Every structure is written in C-alpha cells, then in structure tokens.
Amino acid sequence: MSQDRTTGLREPSIADALVPLGVLATLIAGGLALFGLDALDGPIQVALLLCCAVAALIAMKNGHEFTAVQAAGRSALASVTSAIFILLAVGALIGVWNLSGTIPTLVYYGIQVLSPGWYYAATAVICGVVALSIGSSWTTAATIGVGLVGIAGLIGVSGAITAGAVISGAYLGDKTSPLSETTILTAQIVGVDVHEHIKRQVWTSVPAFLIAVVVFTVLGITGPDTVGQAETTSDLDKLNQVFNITPLALLPLVLLGYLSIRKVPASLALLASTLFAGVLGAFLQPDVYADFVAGTGNVVVETVKAVWLAMANGFSIDTGIPDVDRLLSRGGMDSMLLTIWLILGAVTFGALLEEFGLIDRLVQPMIRAARSTGRLFATVFACGFGLNLVAGDQYIALVLPSRIFRAEFDRRGLAATNLSRLAADSATVTSPLVPWNSCGAFMAATLGVSTLLYLPYAVFCYASPALSVLYGVTGFRIEKVGPPDPHQMEESA
C-alpha cells in the first residue's frame, strides 16, 4: 500500500475495497433470512447505513478527514434530490388519481379491452410505446403501469408477471428513446452522437424486447385460470357505482403525456397533472370527495381537504369488494418515505466507495485481466451491474463504467459506440432488478409489487445485457476504428 507523503493519504488495499462489500452482502443476506420480503421495510435500510459507517471508517483509516466523508455524503444526497421529488410527486399523483377517478376509469376501460390470454404481452407493448414516446420509465410505470397492474388483480392474472411486463416495456423506452435522460447522458459521457448511440442500441434492444414479448405470450397462454366473467362484471359494476366513469377522467393522463413530451421536468409535470386531476375530480366525483373527508357541505373546503389529504396520505375507500379496495386504497407522499430512506442509504454508500477509491481498486485488476474483447465486454457488464448492487443508483452504475473503460476501448481500437451500448445494457436495464437500487425501490413502491417478486419476469432486463455481452464474445455488430495500439496495450498490462 503506497502513501502520498504530501497529503498523508494511503491508497486503499484490496482488503479495504472488499470489506464494505462483504459487510453489505452479509447484512442483506441476514436481513432477508430473518425478515423475508419485509426486510425492505426497514432492515435493509439499516444495513445500508451500517455499511456507510464501515466505508467511512476505512476512508479515515487511510488518512481522510471526517469532513471529507461528510462532503461525500452531501454530494450523494444532492445527486438524488431530483429522484426524491419525483418519488413524492408520484405518491401524490397515485393518491389523487384514485380519488379523482382517473385510475378507476383507466382500469374500467382496460378490463373490457384487454384479454387475459395476451394480457402480459399487451402490457409490455403498451408500456414500450408510451415509454418510447415520453422517454421515461418512471413516468410510464407510475401512470399506465399502475393501471395495468391494477387491472391484473381484477381479472385474475399475475400481478408479478404484469409488473415484469411493465418494466420490460418501460425500460425499452428508457434505453432507446431520444427523449430519455439516461440515453442522452450515456452518449454524452462516452462522447458519441445521441442518434448514433440509439442506432446501436436497436441491435440489442429490439431482439431483447421481441424475446420478452414471446415469453409473455407463452406465460399468458399457459397461465392459470383467470377470474370468472361474473366476478369481473361485479368489479366493473362496483367501479361504475362508486365513480363517474367517463373519458373526461383520463384528461390528467393526457396532460401528463403532453408535458412529458415537451420535456417539462418530471416532478413538475407530475404535480401539475395531480393538481389538475384534483380540480377536475371535484366536478366529476363530488360524492367520492365528500365521503372521503366526511364532508360538511362546503364544496370548496371538501375539495381542498380531499386533494390535500390524498396527496399527503393517499386515498382509501371501502366498497365491500376486497380487490377493488386494494386497487384504489393507495398512494400519498408518505407511502414513498420507506423508499426514500432506502435510496438515501444506498447512494451514500455508493458515493463513499467511489470518492475514496474503493471501486477503482477493484475495477483496475479486472481491466488488466480482460485480454480478449469478449472478456472486456463481460467486465464492463460486471462493473455496471455490480455498481447497481453496491452503489444503489443507476446513474453511478452508468457514469463510472463509461468513464473508466473509455480509454481502454480506445486502446483496443473499439468504437466508442460499442461502449455506449454496453454501458446502457449493463447499467440502465439492470437497475430495476436490485431491491435497494433507486430504480428497483421506485418500481416496487409505485407498482405495489416487491422487486423480488417481479424480478424473474423482467425479461427485457435480462435479455438485453445478455445479447450485448454475446455480441462482444462473438464479434457480431462490434465496430472498430483501427487496430489496437500495441504500445498502450503493453502499458495497460
């Protein structure tokens, strides 16, 4: 271990880098063993904060001041400020959309249009089209995705498989839409034109999505029996009795889509749609508003109180039909607090590992060992997915490999577009597979399905990185800009 005599700082050793990861793996495994899926309701958050303490102690052992640790923590929290506001806005939107009849209307019409036999495949395609149009996996899941998962519960198909289909479609758009911030960010970091980046994405994204659609079609055809027609009709009748089902209730969804296409910041677009739904719902669902807040007869006060309460604590209703009650009694900003706690712990831990050289200490030996193109591609994937596991944030998992491996791709004569495609395949699409990652936590909280339950069915999130690594091993669609630089290759070895 070398020491900088000027600053007194020591470079981290391999042991320094491995200890926090070992503690993380031990605590998470212990939490899951003791609490099962309930581990995400607090124990995993505690584990991540304990891991932050371990990483901080290692940094201080290597000569860093605690003020540097605090600065790294502040940087981590600043990086997720936008995500936190989006989460709170999504919680408010779900509560008010239930109150105002937007989600009940979406479910009512959806049940009558979507057949159980091809429900999963249709879900993936619908979410894929929406996400490609607006460029946001989070917005897609929080709007169309919530409705589709709700419909699944009422017609008797699997909510977990439906959530996997929602995520498969949502991340097709997140990865290939020119409106997606992760698509733009990846191209900028690697230094390629965004449209050239998207063209290369198609070679893995389209085949991966087709594979996902085939899998969902088979699951739909071979799935268990669905809810009987009589029971479904009863659910629809109850929705129609409680709410005024009308296409006008879908206007908040139209507004959100318009604002998203116009690139209005996500949190502002979500809040605008929420408030619009709250005002609109006061005219469309006056009885629901009055019942929700035990109204006193003053319509204005009832409206303000109902919308305010739904934004803060969510909407709840007792229709006497459990499936309908579970669908509609959701939302509120407070429903997102556990998820925010999870994200804060995860990104702080990841920031400490990055800031104090612990990640780089592990990655550099991996680069030196990756002699072939196939091994290099596998290494980039391992780094991207590994960072989603330990850093808990897709942006860290996307940015670091793009920066770390760019010079190595240049040395080997590989076009930068190879790295941009691989980075997106490795980081962006695998982020919702990790329960404590910001994306995995968001999807679970929004869709109401645990990450560990939908994980086996997020087919696109497996197929896309698998194809990307396979291309590297076989040389298919691998672009070169020249022969490798022997001198630089020797230096890197």
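All of these numbers come straight from a predicted model, not from anything done at the bench.

Helix and strand content of the protein: 26 helices and 0 strands. Since a compact globule built from 493 residues should have a radius of gyration of about 23 Å, the 24 Å found for the protein is in line with a globular shape. Taking the principal axes of the C-alpha coordinates as reference, the protein spans close to 80 × 50 × 45 Å. Taken over 493 residues, the protein has a buried fraction of 54%. At a minimum sequence separation of 6, the contacts of the protein that also span at least 24 residues come to 79%. Working note: accessible area of the protein is about 20,000 Å², and carbon and sulfur atoms make up 65% of it.

Attention now goes to the confidence of the model for the protein. On average, residues of the protein score 86 in pLDDT, and 93% of them are at 70 or above. Overall, residues 488-493 carries pLDDT values under 50, and its contacts beyond four positions in sequence, including any with other chains, amount to 10 contacts.

Another aspect to go through is the packing of aromatic side chains. Scanning all chains against the criterion turns up 9 aromatic pairs. Residues F209 and F460 carry aromatic rings whose centres are separated by 6.4 Å and whose planes lie at 75° to one another, so their mutual orientation is edge-to-face. Of this pair, F209 sits in helix α10 (residues 194-222) while F460 sits in helix α25 (residues 459-474), and the two are 251 residues apart along the sequence. Three or more aromatic residues joined by ring pairs make a cluster, and in this case those are W203, Y471 and F476. The positively charged end of R477 is found above the aromatic ring belonging to W203, 3.9 Å away from the centroid.

Here we come to the environment of L148. Tracing the backbone through its elements, the reader meets L148 in helix α7 (residues 137-155). L148 sits in the buried class, given a relative accessible area of 5%. Residues L148 and G22, 126 residues apart in the sequence, show an inter-C-alpha distance of 39 Å. If sequence neighbours within four positions are ignored, L148 has contacts with L114, Y119, T123, C127, T162 and V166.

With that settled, the discussion passes to the side chain of S426. Position of S426 among the secondary structure elements: in helix α22 (residues 416-428). Setting aside residues no more than four positions away along its own chain, S426 makes contact with V380, F381, G384, F385 and N388.

You will see that R477, though not glycine, has its phi angle at about 55°, which is positive. Mapped onto the elements, R477 comes out in the loop between α25 and α26 (486-492).

A separate point is the packing of helix α8 (residues 159-176) against α10. Between two packed helices, the angle of one axis relative to the other and the distance separating the axes together describe the packing. The geometry of α8 relative to α10 is characterised by a closest axis approach of 10 Å and an angle of 165° between their N-to-C directions. Comparing their axes, α10 and α8 come out roughly antiparallel. The element α8 and its partner α10 pack so that their crossing is left-handed. Of the residues in α10, those in contact with I161, G164, A165, S168, G169, L172, K175 and T176 of α8 are I198, Q201, T204, S205, F209, F216 and L219. Grouping the amino acids of the contact of α8 with α10 by side-chain chemistry returns 7 nonpolar, 7 polar and 1 charged.

A few words on the pattern of salt bridges. Within this structure, the stated rule accounts for 7 salt bridges. R200 is the partner of E479 in a salt bridge, and the nearest nitrogen-oxygen pair spans 2.5 Å. With E479 in the loop between α25 and α26 and R200 in helix α10, the pair connects residues that are 279 residues apart, well separated along the chain. We classify E479 as partly exposed; its relative accessible area is 28%. As a salt-bridge pair, R411 and E408 come within 2.4 Å of each other at their nearest N and O atoms. One end of the pair, R411, and the other, E408, are both in helix α21 (residues 406-411), 3 residues apart, so they sit about a helical turn from each other. Bridged by salt links that share partners, the residues E196, K199, R200 and E479 form one connected network.

This brings us to helix α12 (residues 251-261). Turning to α12, its buried residues number three or more, namely P252, L253, L256, L259 and S260. Considered in projection along α12, the buried side chains sweep an arc of 130° and stay on one side of the axis. Buried positions along α12 lie against α4 (81-100), α5 (102-113), α6 (119-134), α7 and α13 (266-284). Within two residues after α12, K263 carries a phi angle of roughly 65°, on the positive side.

A surface patch of nonpolar side chains, about 410 Å² in accessible area, is lined by V46, L49, L50, L338 and W341. At 3 residues, the largest contribution of residues to the nonpolar patch is made by helix α2 (residues 43-61). As for its placement among the helices and strands, V46 is situated in helix α2.

With 19 residues, α13 should cover 27 Å at 1.5 Å per step; its first-to-last C-alpha distance of 26 Å lies within 8% of that length. Buried residues along α13 sit in contact with α4, α5, α12, α14 (286-292) and α15 (299-313).

When you line up the elements, T430 lands in the loop between α22 and α23 (438-447). A polar contact of 2.9 Å, which involves the side chain of T430, links it to the side chain of N388. A distance of 2.6 Å separates a polar atom in the side chain of T430 from the backbone oxygen of S426. Beyond its immediate sequence surroundings of up to four residues, T430 is in contact with F381, F385, N388, D425, C461 and P465.

Cut-offs used in this document
- Residues numbered from 1 in each chain as written.
- Predicted model: local features only at pLDDT ≥ 70, side-chain atom pairs only at ≥ 80, totals over all residues.
- Heavy atoms only, no water.
- Helix = DSSP H or I, 4+ residues; strand = E, 2+ residues; numbered from the N terminus.
- Rg over C-alpha atoms; globule rule 2.2 N^0.38 Å.
- Buried < 20%, exposed > 50% of the residue type's maximum accessible area, 1.4 Å probe, protein only.
- Contact = heavy atoms within 4.5 Å.
- Areas by Shrake-Rupley, 256 points an atom, 1.4 Å probe, with all protein chains shown as cover.
- pLDDT = per-residue confidence, 0-100.
- Phe/Tyr/Trp six-rings, centres within 6.5 Å; stacked < 30°, edge-to-face > 60°.
- Lys NZ or Arg CZ within 6 Å of the ring centre and 35° of its normal.
- Axes fitted to C-alpha atoms, helices over the stretch in contact; angles between N-to-C directions.
- Parallel < 35°, antiparallel > 145°, perpendicular 65-115°, else oblique.
- Left-handed = near helix turned anticlockwise from the far one by under 90°.
- Nonpolar A, V, L, I, M, F, W, Y, C, P; charged D, E, K, R; others polar.
- Salt bridge = Lys/Arg side-chain N within 4 Å of Asp/Glu carboxyl O.
- Arc of directions from axis to C-beta.
- Patch = residues over 30% accessible without salt bridge, like charges linked within 9 Å, V, L, I, M, F, W, Y side chains within 5 Å.
- Expected span 1.5 Å × (residues − 1).
- Polar contact = N/O pair within 3.5 Å; in protein donor to acceptor, adjacent residues only side chain to side chain.

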